[in-house]
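The lines below spell out each chain.
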Amino acid sequence: MKRLKLPQWLVLLLPAIIILSAVVLIPLVLSLYSSFTSYRLTRPDSIFNWVGLFNYEKAITDAKFWAAFGRTVLLLTVALNLEMLLGLGIAIMVSKVTRGQRLLRTMMMFPMMFSPILVGFQFKFIFNDNVGLVNNALQSLGITDTAIPWLVDGNLAMFSIIFAEVWTSTSVFGILILAGLYAIPRDPLEAAKVDGCTALQSFRYVTLPFLMPFIYIAMAIRSLDVARAYDIVQIMTNGGPARRTELLWTLIGRTGYVDARMGYANAMGYISIFLAIFFTVYFFKKLTKSRQELGMGM
Amino acid sequence: MAQVHLRNVVKKYGPLEVVHAINLDIADGEFVVLVGPSGCGKSTTLRMVAGLEAISGGDVQIGGRVVNDLPPRDRNISMVFQNYALYPHMTVRENLGFSLHIAKHSQADIDKAVNEAADILSLTPLLDRKPGALSGGQRQRVAMGRAIVRDPEVFLFDEPLSNLDAKLRTQMRVEIKKLHQKLGSTIIYVTHDQIEAMTLADRIVIMRDGHIEQVGTPLEVFENPINTFVATFIGSPPMNLLDGVVKDGQIEFADGTRLPVPPGYFTDEGQAITFGVRADNIMPVGHALPRGEHMAEVEMTVDLTEPLGTETLLFAVLAGTEVQAKMLNPRPVHRGERMTFQIMLDKCHLFDAETGDTQKK
């Protein structure tokens, strides 16, 4: 009797290959394949209906898709920059605190400890035009007597979402930049003082270059995070009003699961992935460069 | 160039006082070395002069100006740090020119000053490298160049050579001395290495526990140490110290060995004293250079030898205390050999056994 004899290396790798195929490879191939079909969740047999590049053409010419794309880039740019500036400020202030710094560091992490869904609900309440905290406060202080439609007006809704996003994630920057501040050697800062730097110049010429790698790490992490933003928006505005806060993944989610057009959703998903990849690659390049400048090697 | 004066300068960290009202006058163009064991307050003192530590009491004057409340940048000083403290993200050229850039000098001025400094320290071929691509000695030279470019009134060096290997340290020592001769500027230099202090200084300031123990030229502190601390801290090998009692106008050690009182020292009958003699002044008969008028002889058993080529260090025991002696034109000595040693009393020292202070008349 002759048994099938596989090469030893293959036998040893087989468990890994099977698991990876099941959880990564097959879904990936399947989703890629389905993006070339008119696959609808409600009609499973439509997965065999090959439409070629139709879905991609449709996405690329779809104004709604590009509006969501642009909004995601806007959210990414505004939120990341705000978070970086605020995180930098908080980190610097915390690093100057001599008593209770440990407590402050722990408190800095609090926003990260909540599920984004919960944060979404919380801010949905805070910005509610009738019973919300913000409007109540504004009205009680006599600043306004109208109910400001925070989540209903298109621009205000985007602002509210950015506010919630910044509230949850500034601490990512805060913590990483604080770590960077701790890692800065004392000597160059003192040399800068002797060399005639004011506090601001020391920061600009010595502290900041040392912090850049940490800032770029935070940027890379957060750009991935924001590029896939879904939960907070879904809860707070559900992409509304009238798609004014529709982001890439709320659009894709709606198309795939609500409209059940999974083939088209997958096609948009593959285009969107490039956005995340682009930002990640960009920030990692920056990170490598800033580390090289500090002579830290690759 | 400028004089530096410290007037009752105190440094406190909370209730802990680490520098106790020290006074020091440094002349224009003088090379002063602060030396002492770690924790003696020498670096703290330097950092107070630099403006990197707040002054808790007293005054620091640079060039006739009280600088207590001036930030470092307004004190007209340069500092060279132990860890070089270069800016890692700048090239050597940028490192050197940074202070002038901050002071908004014209690019032409900066280039001129940088090239000049690079020339003095032979850094010209390295100007476009970053500190990460330099060796320790090169980094040290960049740190010195950065100090030179500022053309300050006072140079401050904080243990600049302690991160270098022995050979490089000797080399850089010579370069620093040449630099001082060339620039003629006032230098305050901190080190824990007494050899650096001896070789570099116009005047040495020996510190211990936040006090100044003695100030003097290298030869003064070597030949006339004011107490046993200075006696053992300056000079290598350290001075031998032997405890004894004054009896019948002589020094008697525990085992009954007696030596005459060295000339120039006063004693009280029955006083407990410490007798100090350097290895250079206690040598085996026949292997010494007898120069003094006042000589004494003792017999000792050799325990251990350290041949150094031109001389051999002999470790022997006198009155229960280990004594280091020197043998010129050495011959092989075996362990346990009993030899007669000459002591040159003119170069010996007497200290009060209790206070450690010198008994010099």
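Residues numbered from 1 in each chain as written. Chains lettered and ligands numbered in written order. Predicted model: local features only at pLDDT ≥ 70, side-chain atom pairs only at ≥ 80, totals over all residues. Heavy atoms only, no water.

The subject of this paragraph is the overall build of chain A. In terms of regular secondary structure, chain A is built from twelve helices and zero strands. The secondary structure elements of chain A, listed N-terminal to C-terminal, are α-α-α-α-α-α-α-α-α-α-α-α. At 24 Å, chain A has a C-alpha radius of gyration far larger than the 19 Å of a compact globule built from 298 residues. With the C-alpha coordinates aligned to their principal axes, the bounding extent of chain A is approximately 80 × 65 × 35 Å. Counting across all 298 residues of chain A, residues that qualify as buried make up 43%. Taking the intrachain contacts of chain A between residues at least 6 apart in sequence as the baseline, contacts between residues at least 24 apart amount to 65%. Accessible surface, chain A: about 16,700 Å² in total, of which carbon and sulfur atoms supply 69%. (Helix = DSSP H or I, 4+ residues; strand = E, 2+ residues; numbered from the N terminus. Rg over C-alpha atoms; globule rule 2.2 N^0.38 Å. Buried < 20%, exposed > 50% of the residue type's maximum accessible area, 1.4 Å probe, protein only. Contact = heavy atoms within 4.5 Å. Areas by Shrake-Rupley, 256 points an atom, 1.4 Å probe, with all protein chains shown as cover.)

Turning next to the overall build of chain B. Within chain B, the secondary structure is distributed over eight helices and 20 strands. Taken over the C-alpha atoms alone, chain B extends approximately 75 × 45 × 35 Å along its principal axes. When each of the 361 residues of chain B is scored for burial, the buried share is 53%. Put simply, 66% of the contacts in chain B that link residues at least 6 apart link residues at least 24 apart. Carbon together with sulfur atoms contributes 48% to the accessible area of chain B, which is approximately 15,500 Å² in total.

With that settled, the discussion passes to empty space enclosed by the protein. On inspection of all chains with the given rule, the structure shows two cavities of 30 Å³ or more. Every residue along the wall of the largest cavity is listed here: A:A191, A:V194, A:D195, B:S78, B:M79, B:A143, B:R146, B:A147 and B:R150. Listing elements by their share of the lining of the largest cavity, those giving two or more residues are α8 (186–194) of chain A together with β6 (77–80) and α4 (136–149) of chain B. Among the elements that line the lining of the largest cavity, the one with the most residues is α4(B), at three residues. Taken together, the residues of the lining of the largest cavity break down into five nonpolar, one polar and three charged. Here the second largest cavity is characterised by a volume of approximately 30 Å³. Around the second largest cavity, the lining residues are B:V4, B:L6, B:L24, B:I26, B:L34, B:T45, B:V49 and B:I188. For the lining of the second largest cavity, the per-class residue count stands at seven nonpolar, one polar and no charged. (1 Å grid on protein atoms, 1.4 Å probe; cavity = no way out; pocket = protein on both sides within 12 Å on 5 of 7 lines; lining within 4 Å. Points joined across faces, edges and corners; volume = space filled by probe spheres on them. Nonpolar A, V, L, I, M, F, W, Y, C, P; charged D, E, K, R; others polar.)

With that settled, consider the environment of A:G239. All names here are of chain A. Topologically, G239 is positioned in the loop between α10 (231–236) and α11 (248–258). Sequence-wise, G239 and L251 are twelve residues apart; in three dimensions their C-alpha atoms are separated by 7.7 Å. Dropping the residues within four chain positions of it, G239 is found in contact with V233, R244, T245, E246 and R254.

On to the pairing of strand β2 (residues 16–26) of chain B, then. Sheet analysis places strand β1 (residues 4–13) of chain B next to β2(B), joined by seven bridges and oriented antiparallel. When the bridges of β2(B) are listed, B:V4 appears paired with B:I26. (Pairing = 2+ DSSP bridges.)

This part is about the domain arrangement of chain B. Put simply, an interface is often sized by how much accessible area is lost when its parts join up. All names here are of chain B. Looking at the assigned domains, one finds that chain B contains domain 1 (4–233) and domain 2 (240–352). Spacing between the C-alpha centres of domain 1 and domain 2 amounts to 39 Å. Opposite the eight residues of domain 1 that make contact, domain 2 presents six residues. A buried area of about 620 Å², summed over both sides, lies between domain 1 and domain 2, and 64% of it is on carbon and sulfur atoms. Considering only the surface of domain 1 that becomes buried against domain 2, F222, T228 and A231 emerge as the three largest contributors, covering 59% of it. Between domain 1 and domain 2 we count one salt bridge in total. Where E223 meets K347, a salt bridge forms, and the shortest distance between an N and an O atom there is 4.0 Å. (Domains from an automatic or database assignment. Buried area = accessible area lost by both parts, 1.4 Å probe. Salt bridge = Lys/Arg side-chain N within 4 Å of Asp/Glu carboxyl O.)

Before going further, it helps to spend a moment on the side chain of A:D187. As for its placement among the helices and strands, A:D187 is situated in helix α8. Apart from residues lying up to four places away in sequence, A:D187 is in contact with B:F81, B:N83 and B:A85.

Before going further, it helps to examine the sheet that holds strand β3 (residues 31–35) of chain B. Residue and element names in this part refer to chain B. If you walk across this open sheet you meet the six strands as β6-β7-β8-β3-β9-β10, and the pairing is mixed. Of all strands in the sheet, those bounded by a partner on one side alone are β6 and β10 (211–216). Here the average twist between neighbouring strands, direction ignored, is 15°. For β3 and strand β9 (residues 203–208), the ladder comprises four bridges, and the chain directions are parallel. (Axes fitted to C-alpha atoms, helices over the stretch in contact; angles between N-to-C directions.)

Okay, the packing of helix α2 (residues 54–61) of chain A against helix α12 (residues 262–293) of chain A next. All names here are of chain A. Their axes nearest at 9 Å, the elements α2 and α12 cross at an angle of 65°. For the pair α2 and α12, the crossing hand works out as right-handed. Across from N55, Y56, K58, A59 and I60 in α2, the residues of α12 making contact are G263, Y264, A267, M268, Y270 and I271. In terms of residue class, the contact of α2 with α12 is made up of eight nonpolar, two polar and one charged. (Left-handed = near helix turned anticlockwise from the far one by under 90°.)

Quick look at the domain arrangement of chain A now. Residue and element names in this part refer to chain A. For chain A, the assigned domains are domain 1 (25–60) and domain 2 (62–264). For domain 1 versus domain 2, the distance between C-alpha centres works out to 35 Å. Across the contact, eleven residues belong to domain 1 and eleven residues belong to domain 2. When domain 1 packs against domain 2, close to 930 Å² is buried across both sides, 56% of that on carbon and sulfur atoms. Looking only at domain 1, the three residues that lose the most surface to domain 2 are L41, K58 and A59, adding up to 49% of its buried area. Taken together, the connections running from domain 1 to domain 2 amount to zero salt bridges. At the boundary of domain 1 with domain 2, the tally comes to six residue pairs in polar contact (both at pLDDT 80 or more). Among the elements that take part in the side of domain 1 that touches domain 2, α2 stands out by supplying four residues, more than any other. For the side of domain 1 that touches domain 2, the residue count by class is four nonpolar, five polar and two charged. (Polar contact = N/O pair within 3.5 Å; in protein donor to acceptor, adjacent residues only side chain to side chain.)

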